[in-house]
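# Chains, contacts and geometry: an overview
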Amino acid sequence: MNFNQLEVFCLVAQVKSFSKAAKLAHLTQPAISSQIQSLESNLNVTLFTRTNTGVHLTEAGKVAHHYIKKMLQLQEELGKDLTLLKEGKLANQ
């Protein structure tokens, strides 16, 4: 599991489509599918129900989405704090 997979997962969950997510992320649809399949394999769950009209989060997907959003937020906060620390604008905590 890596942060790229987590970001792709959240994007697919948001737009409810692998192909729309691919366009927004400037990736191919197979690349998006591969990222999601890898994440599902790593978590040992199915994250999306796939239909002809798009995709929808499964119950496991909803739980994963809740935690993955927190993980991505923490990653962003970490990056900001490290930047501030380098600039001398953040005291060691």
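This structure is a prediction, so every number in the text was calculated from the model and none was measured.

A few words now on the environment of Ser-17. Note on placement: Ser-17 falls in the loop between helix H1 (3–15) and helix H2 (18–25). Among the residues examined, Ser-17 registers a relative accessible area of 11% and is labelled buried. In this structure, the C-alpha to C-alpha distance between Ser-17 and Thr-51, residues 34 residues apart in sequence, is 9.7 Å. In this structure Ser-17 touches Val-12 and Val-55, once residues within four positions along its chain are discounted. Here the side chain of Ser-17 touches Ser-19 through a polar contact of 3.1 Å, side chain to side chain. Looking at Ser-17, its side chain comes within polar contact range of the main-chain nitrogen of Lys-20, at 3.1 Å.

Moving on, we get to the pairing of strand E2 (residues 54–57). Successive residues of a regular strand alternate their side chains across the two faces of the sheet. Strand direction decides the pairing type here: strand E1 (residues 48–51) and E2, joined by four bridges, are antiparallel. Across the sheet, the residue bridging to Phe-48 is Leu-57, located in E2. In sequence, E1 turns back onto E2 through a hairpin of two residues.

The next point concerns a nonpolar patch on the surface. On the surface, Met-1, Phe-3, Leu-43, Val-45, Val-63, Tyr-67 and Met-71 cluster together into a nonpolar patch covering about 600 Å² of accessible area. Of all the elements, helix H4 (residues 59–86) adds the most residues to the nonpolar patch, at three residues.

For the rest of this paragraph, the subject is the packing of aromatic side chains. According to the stated counting rule, one finds two aromatic pairs in the structure shown. Ring centres 5.4 Å apart and planes at 50° place the aromatic pair Phe-9 and Phe-48 in the tilted group. Of this pair, Phe-9 sits in helix H1 while Phe-48 sits in strand E1, placing them 39 residues apart in sequence. The exposure class of Phe-48 is buried, given its relative accessible area of 2%. A ring pair is formed by Phe-18 and Phe-48, whose centres lie 6.0 Å apart and whose planes are at 80°; its orientation type is edge-to-face. Placement of Phe-18 in helix H2 and of Phe-48 in strand E1 is noted, with a sequence separation of 30 residues between them. Accessibility expressed as a relative area gives 9% for Phe-18, which makes it buried.

The rules we used
- Residues numbered from 1 in each chain as written.
- Predicted model: local features only at pLDDT ≥ 70, side-chain atom pairs only at ≥ 80, totals over all residues.
- Heavy atoms only, no water.
- Helix = DSSP H or I, 4+ residues; strand = E, 2+ residues; numbered from the N terminus.
- Buried < 20%, exposed > 50% of the residue type's maximum accessible area, 1.4 Å probe, protein only.
- Contact = heavy atoms within 4.5 Å.
- Polar contact = N/O pair within 3.5 Å; in protein donor to acceptor, adjacent residues only side chain to side chain.
- Pairing = 2+ DSSP bridges.
- Patch = residues over 30% accessible without salt bridge, like charges linked within 9 Å, V, L, I, M, F, W, Y side chains within 5 Å.
- Areas by Shrake-Rupley, 256 points an atom, 1.4 Å probe, with all protein chains shown as cover.
- Salt bridge = Lys/Arg side-chain N within 4 Å of Asp/Glu carboxyl O.
- Phe/Tyr/Trp six-rings, centres within 6.5 Å; stacked < 30°, edge-to-face > 60°.

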